[in-house]
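Each chain is listed here by its residues.
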Amino acid sequence: MKIVLLGPPGAGKGTLAKGLKDHFNLMHISTGDMLREEMKNGTDLGKEAKKHIESGGLVPDEIVTKMVENKLSNDKNVKNGFMLDGFPRTRTQAEDLDKILKKINLPLDCVLSLEASLKIVLERLTGRRVCRACGALYHIKNMPSKKEGVCDKCGGELYQRADDNEKTIKNRMEVYTESTEPIIDYYKKQGLIKTLDANKEAEEVRDFTIKLFNG
Ligand code: ADP
Ligand code: ZN
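Each value, and the rule that gives it
Residues numbered from 1 in each chain as written. Chains lettered and ligands numbered in written order. Predicted model: local features only at pLDDT ≥ 70, side-chain atom pairs only at ≥ 80, totals over all residues. Heavy atoms only, no water. Near = heavy atom within 4 Å. Polar contact = N/O pair within 3.5 Å; in protein donor to acceptor, adjacent residues only side chain to side chain. Areas by Shrake-Rupley, 256 points an atom, 1.4 Å probe, with all protein chains shown as cover. Helix = DSSP H or I, 4+ residues; strand = E, 2+ residues; numbered from the N terminus. Donors = N, O, S within 2.8 Å, 3.2 Å for Na, K, Ca; no water. Buried < 20%, exposed > 50% of the residue type's maximum accessible area, 1.4 Å probe, protein only. Core = buried A, V, L, I, M, F, W, Y, C linked by side-chain atoms within 4.5 Å. Contact = heavy atoms within 4.5 Å. Pairing = 2+ DSSP bridges. Axes fitted to C-alpha atoms, helices over the stretch in contact; angles between N-to-C directions. Domains from an automatic or database assignment. Buried area = accessible area lost by both parts, 1.4 Å probe. Expected span 1.5 Å × (residues − 1).

For the rest of this paragraph, the subject is the site of ligand 1. In the vicinity of ligand 1 there are 19 residues, among which Thr31, Arg36, Gly57, Gly86 and Arg172 approach most closely. Contact distances for ligand 1 include 3.1 Å between an oxygen atom and a side-chain N or O atom of arginine 128. Contact between ligand 1 and arginine 172: an oxygen atom at 2.9 Å from a side-chain N or O atom of the residue. Coverage of ligand 1 by the protein amounts to 96% of the 550 Å² it exposes when considered alone. If you tally residues by element for the shell around ligand 1, the top one is helix α2 (residues 31-40), at four residues.

Below, the structure is given as structure tokens:
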């Protein structure tokens, strides 16, 4: 299965991807995670990305697209199926993705559009915590770790992303509405869009999606 996950920040793309990964054994390609990894390692790419990410803006198309192209063209697991999470985010990225997938002969099967209300999205983002070591996701109210500040899975330290503050979240939402939402239409025209009610709890969204694919 080759899937794109679309939706505003906080809709639950990362959480759903992690849920589906275990079930369908799909590769999870998250440009946000890849960029944060570059930032953590202090690479040139990471330094460039940091400026954009911390203000809630987008990293330039060329940089992100190159990163995704490298992954899709070089990782041999890609042909067993993948979920793209956080990419494409602009019309240009969507068009370039089509070209890349055409080149490697792996066209998309579907685009899942996660719809969630602004109220829910804000709640999720402001309460989100991430494991520094393994990337597991938590929420201080909806999905707390057993011990505060410590990852259940690996014992790593939980932290709050620098861009999960109210001011940056507001920018990210505006960027989403302006740049990313229009590509829903782009995929609608290709007949690829499936809409999910992402206001529901994580498990429910995951189970619904699994049923959707199993028919
Ligand atoms: P969220 O979906 O919660 O906003 P992500 O982890 O997907 O978070 O992305 C975090 C940030 O990384 C974005 O706000 C943006 O600055 C940058 N980023 C991630 N993916 C892309 C992309 N495809 N194009 C441009 N910037 C990106
Ligand atoms: Zn962990």
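Protein-derived ligands of the zinc ion (ligand 2) are Cys131 (SG), Cys134 (SG), Cys151 (SG) and Cys154 (SG), with the metal-ligand distances lying across 2.3 to 2.4 Å. As a motif over one chain, the donors of the zinc ion (ligand 2) read C-x2-C-x16-C-x2-C. What makes cysteine 131 buried here is its relative accessible area of 3%.

This paragraph deals with the nonpolar core. Residues Leu72, Phe82, Leu97, Leu108 and Tyr187 are the most contacted members of the largest nonpolar core, which totals 30 residues. Breaking this core down by element, the ones donating at least two residues are β1 (2-6), β2 (27-30), α3 (44-55), α4 (61-74), β3 (82-85), α5 (91-103) and α8 (182-189). Those residues within four positions of leucine 72 in sequence are excluded, and the remaining contacts are Ile29, Val78, Phe82, Leu97, Ile100, Leu101 and Ile104. Membership of the second largest hydrophobic core comes to 16 residues, among which are Leu16, Ala17, Leu112 and Leu114.

Sheet architecture is open: five strands sit in the order β2-β3-β1-β4-β8, paired in parallel fashion. The open sheet has two edge strands with one neighbour each: β2 and β8 (193-197). Sheet twist, expressed as the mean angle between neighbouring strand axes with direction ignored, is 20 degrees. Relative to β3, β1 is paired through four bridges, and the arrangement is parallel.

Take the environment of arginine 91 next. Locating arginine 91 in the fold gives a position in helix α5. Since its relative accessible area comes to 45%, arginine 91 is described here as partly exposed. It is 17 Å that separates the C-alpha atoms of arginine 91 and methionine 67, two residues lying 24 residues apart in sequence. Not counting residues up to four positions away in its chain, the partners in contact with arginine 91 are Ser179, Ile183 and Tyr186. A polar contact of 2.8 Å, which involves the side chain of arginine 91, links it to the side chain of glutamate 95.

Looking now at the domain arrangement of the chain. Annotation of the chain at the domain level lists domain 1 (2-117 + 166-214) and domain 2 (128-163). One C-alpha centre belongs to domain 1, the other to domain 2; they are set 21 Å apart. Facing the ten residues of domain 1 at the interface are nine residues of domain 2. Where domain 1 abuts domain 2, roughly 750 Å² becomes buried across the two surfaces, and 47% of that area is made up of carbon and sulfur atoms. Of all residues in domain 1, Lys18, Arg36 and Arg172 give up the largest surface area on contact with domain 2, accounting jointly for 50% of the area buried on that side.

The next subject is α4. For α4, spanning 14 residues, the distance from its first C-alpha to its last is 20 Å, which sits close to the expected 20 Å at 1.5 Å a residue. Among all positions of α4, only Asp61, Val64, Thr65, Met67, Val68, Glu69 and Leu72 are buried. Contact partners of the buried residues in α4: β2, α2, α3, β3 and α5.

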